[in-house]
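# Architecture and fold: a report
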Amino acid sequence: MLPGASTEPLGDARPVPELEGQTVVVIGGSAGIGLETARRARAEGAAVVLAGRDLERLGRAADEVGAARTAAFDAYDFGALREFFASQPGRIDHVMVTAGGPSYGPLLKMDAARVRDAVSDHIALALEVARNAGPRMNPGGALVLMGGTGGRKISRELGIASAATAALPAFTATLALELAPVRANLIAAGFVDTPLSASLLGDDLDARRQELRNSLPIGRVVGPADIAALAVHLMTNTAITGATYDIDGGQQFVG
């Protein structure tokens, strides 16, 4: 023992979970990125509330992560969304929205209604979540939105998706000003190895994985746990608002 060293026990030196005593709502939380974020938030001590469309899948997810509550509804049914937030029994600290996805296709082959929906769907959903969750959220809490990096490229195949992608960072920054002191941030992901990706690619999934392993600077495929780690960081770091965080393993730089 060093001279002068204390003989008193050090006690419990384990770190306090970063979300201890906080409530995290995940919309689109029954699978993929949403479920992994719920799992990580729960491990950090949060009470987790899961919302999704599929009641059976939602029940399995809730059992898996030990969710406090669940609610099955379509997030784009804004009446149901409003009722969901009105029914929450207490204050909310953080909300993550993973529901929805991009629309692709050549511009001139899309009618006006489809163009309007493709550009506004993500923004309209985020706005309705903010409108209904914001008044119930604690100051310093975070609204975490999902976007992408792939749509930043201009191509005939992507079509309207590039315009929708470009709108989200400015929308998020403006929303952060209006929601303050609640914060709003955007995660822009590239390819993420989720069940949704598997369903979209089908038999081409393994080839896509190998292509990314060979081409990405990180030498591996981005998974839901990578996104979840960033999402929880955006919840716990109260200095971050109005920001867009890219997480694609360098995919946008290598094609």
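Every chain begins its residue count from 1, and numbering advances along the sequence as written. Owing to the predicted nature of the model, reporting of local features is limited to residues with pLDDT of at least 70; listing and counting of side-chain atom pairs is limited to 80 or more, with chain, interface and lining totals taken over all residues. As a rule here, side-chain values cover all heavy atoms of the structure and leave hydrogens and water aside.

## Here's the deal with the packing of aromatic side chains
Two rings from Phe, Tyr or Trp (for Trp, the six-membered ring) form a pair when their centres sit within 6.5 Å of each other. Planes less than 30 degrees apart are called stacked, planes more than 60 degrees apart edge-to-face, and all others tilted. Within this structure, the stated rule accounts for 3 aromatic pairs. With centroids separated by 5.2 Å and ring planes inclined at 40 degrees, the aromatic side chains of F73 and F84 adopt a geometry described as tilted. Residue F73 is located in the loop between β3 (69–72) and α3 (78–86), and its partner F84 is located in helix α3; the two are separated by 11 residues in the primary sequence. We note that F73, like F84, is buried. Both rings, one in Y76 and one in F78, keep their centres 6.5 Å apart while their planes meet at 40 degrees; by these two values the pair is tilted. Taken together, the ring pairs connect F73, F84 and F85 into an aromatic cluster. By the criteria applied, helices consist of DSSP H or I runs no shorter than four residues and strands consist of E runs no shorter than two, each listed in order from the N terminus. Note on exposure labels: buried denotes an accessible area under 20% of the residue type's maximum, exposed denotes more than 50%, and partly exposed covers the range between, all computed with a 1.4 Å probe on protein chains only.

## Looking at the pattern of salt bridges
Salt bridge, as applied in this entry: a Lys or Arg side-chain nitrogen positioned within 4 Å of an Asp or Glu carboxyl oxygen. As enumerated under the stated definition, the model contains 8 salt bridges in all. Residue E64 pairs with R39 through a salt bridge whose shortest N-O separation is 2.7 Å. Of this pair, E64 sits in helix α2 (residues 55–65) while R39 sits in helix α1 (residues 32–43); the two residues are 25 residues apart in sequence, bridging distant segments of the chain. On the basis of relative accessible area, E64 is assigned to the partly exposed category, the value being 47%. Taking relative accessible area as the criterion, R39 reaches 30% and is therefore assigned partly exposed. Ionic pairing is found between R60 and E56, a salt bridge with its closest N-O pair at 3.3 Å.

## A word on the sheet that holds strand β7 (residues 244–247)
A strand pair is defined by DSSP finding two or more bridges across the two strands. What the 7 strands build is an open sheet, ordered β3-β2-β1-β4-β5-β6-β7; its pairing is parallel. What marks the edges here is a single partner per strand, and that holds for β3 and β7. Across this sheet, the average inter-strand angle for adjacent strands is 15 degrees, counted without regard to direction. Examined bridge by bridge, strand β1 (residues 23–27) and strand β4 (residues 92–97) share 4 bridges and lie parallel to one another. Bridging from a neighbouring strand, V25 pairs with V95 of β4. With respect to the sheet, α2 is in contact with β2 (47–52) and β3, its orientation differing from that of β2 by roughly 165 degrees. Running over the sheet, helix α8 (residues 224–236) touches β1, β4, β5 (137–148), β6 (183–189) and β7 and is turned about 165 degrees from β6. Axes, fitted as lines to C-alpha atoms, cover a helix only where it is in contact. Angles between the N-to-C directions of the axes lie from 0 to 180 degrees. Contacts were defined at the residue level, with two residues in contact if any of their heavy atoms lie within 4.5 Å.

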